[in-house]
Amino acid sequence: LARSTRLFRGIAIILLLIPNAAAACIDIAPFEIEDIRQADAVFSGHLVRYEIVSPGRPNTLDDYGLLTVQVDQVFKGEASGQVQLYWWNSTFGMPEELLVTEPALFAAVRSDSEGLPLRGPSATIFPSRRQDLMQVLQAPCSGTFILPYSKNDANDVRAILNGGSI
């Protein structure tokens, strides 16, 4: 009994010392392109700037990203010029760099929106830390709606937004 207690304590201490363990998902939820229909804004554009904001201790669940996007074409909602988006990546924490294929397709929800798509046992949504910005659409523990895009994809995007499939 004492040996198993020591083992349990040792595992607990190791888990506490690993900063990314808290950011990990219990289970990865599947990415579903149809979730884009829940977006308040869908547009193509070029990433102009990406920064990580650490309001508390760096490399924790408090971190979030700010993306500045030059909008090219709007498929849904309103977006023009340069748009700043809030992104809290529930799945993997914030990457140091955001390597985005140029141009890209972005989908976002307003901070007062009904919420993000929910799937799977890890589906927990925390409130936006930036109520003044739209948030990148991402179901918890799933992929984000920052996707490679070419002008040939425009009809596919429209089809999905109108209830069709590709």
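Residues numbered from 1 in each chain as written. Predicted model: local features only at pLDDT ≥ 70, side-chain atom pairs only at ≥ 80, totals over all residues. Heavy atoms only, no water.

S.K.: How do you make sense of the overall build of the protein when you look at a structure like this?
M.R.: Each helix and strand in the protein was counted, giving two helices and six strands. Secondary structure elements of the protein, listed N to C terminal, follow the sequence α-β-β-β-β-β-β-α. Within the protein, the proportion of its 166 residues that are buried is 39%. Of the contacts made within the protein by residues no fewer than 6 positions apart, 68% connect residues no fewer than 24 positions apart. Approximately 9,700 Å² of the protein is accessible, and the part contributed by carbon and sulfur atoms is 54%. (Helix = DSSP H or I, 4+ residues; strand = E, 2+ residues; numbered from the N terminus. Buried < 20%, exposed > 50% of the residue type's maximum accessible area, 1.4 Å probe, protein only. Contact = heavy atoms within 4.5 Å. Areas by Shrake-Rupley, 256 points an atom, 1.4 Å probe, with all protein chains shown as cover.)

S.K.: Could you clarify how one ought to interpret the packing of aromatic side chains in this entry?
M.R.: How two aromatic rings sit relative to each other is set out by the distance from centre to centre and by the angle between their planes. Considering all chains together, one arrives at five aromatic pairs under this definition. For the ring pair F43 and F106, a centre distance of 5.7 Å and an interplane angle of 20° mean the geometry is stacked. Taken together, the residues span a long stretch of sequence, with F43 in strand β1 (residues 41-53) and F106 in strand β4 (residues 104-109) at a distance of 63 residues. Among the residues examined, F43 registers a relative accessible area of 0% and is labelled buried. On the basis of relative accessibility, which here comes to 1%, the residue F106 falls in the buried class. (Phe/Tyr/Trp six-rings, centres within 6.5 Å; stacked < 30°, edge-to-face > 60°.)

S.K.: Sorry if this is basic, but what is going on with the pairing of β4 here?
M.R.: If a strand is regular, its side chains alternate between the two faces of the sheet. Counting buried positions over the six residues of β4 gives six, a clear majority of the element. Residues of β4 alternate between two faces, with A104, F106 and A108 on one and L105, A107 and V109 on the opposite face, all of them buried. Across five bridges, the pairing between β1 and β4 is antiparallel. Considered in β4, the bridge of A41 is made with A108. (Pairing = 2+ DSSP bridges.)

S.K.: Where do I start with the environment of S44 in this structure?
M.R.: Relative to the helices and strands, S44 is located in strand β1. Using a relative accessible area of 2% as the deciding quantity, one classes S44 as buried. When the C-alpha atoms of S44 and A104 are compared, they prove to be 5.5 Å apart, with 60 residues separating the residues in sequence.

S.K.: Is there a simple way to think about the confidence of the model for the protein in this case?
M.R.: Any region with low pLDDT has predicted coordinates that should not be read closely. Taken as a whole, the protein shows an average pLDDT of 77; of its residues, 70% reach a score of 70 or greater. When pLDDT is averaged over each element of the protein, strand β3 (residues 82-87) comes out on top at 94 and helix α1 (residues 2-17) at the bottom at 39. Taken as a whole, residues 1-23 scores under 50 in pLDDT and shows six contacts with residues more than four places along the chain or in a different chain. (pLDDT = per-residue confidence, 0-100.)

S.K.: Is there a simple way to think about the pairing of β3 in this case?
M.R.: Relative to β3, strand β2 (residues 64-76) is paired through six bridges, and the arrangement is antiparallel. Bridge pairing in β3 places L67 opposite L85. Hairpin geometry of β2 and β3 is characterised by an intervening segment of five residues between the two adjacent antiparallel strands and by a positive phi of about 75° at G77. Pairing between β3 and strand β5 (residues 134-136): two bridges, direction parallel. Bridging across to β5, L85 finds its partner in M134.

S.K.: I would appreciate a short explanation of helix α2 (residues 154-161) in the present structure.
M.R.: Along α2, the residues classified as buried are A154, V157, I160 and L161. Projection of α2 onto a plane perpendicular to its axis shows the buried side chains occupying an angular sector of 130°, all on one side. Its buried side turned inward, α2 meets β1, β2 and β4. One or two residues past the end of α2 sits G163, with phi positive at roughly 95°. (Arc of directions from axis to C-beta.)

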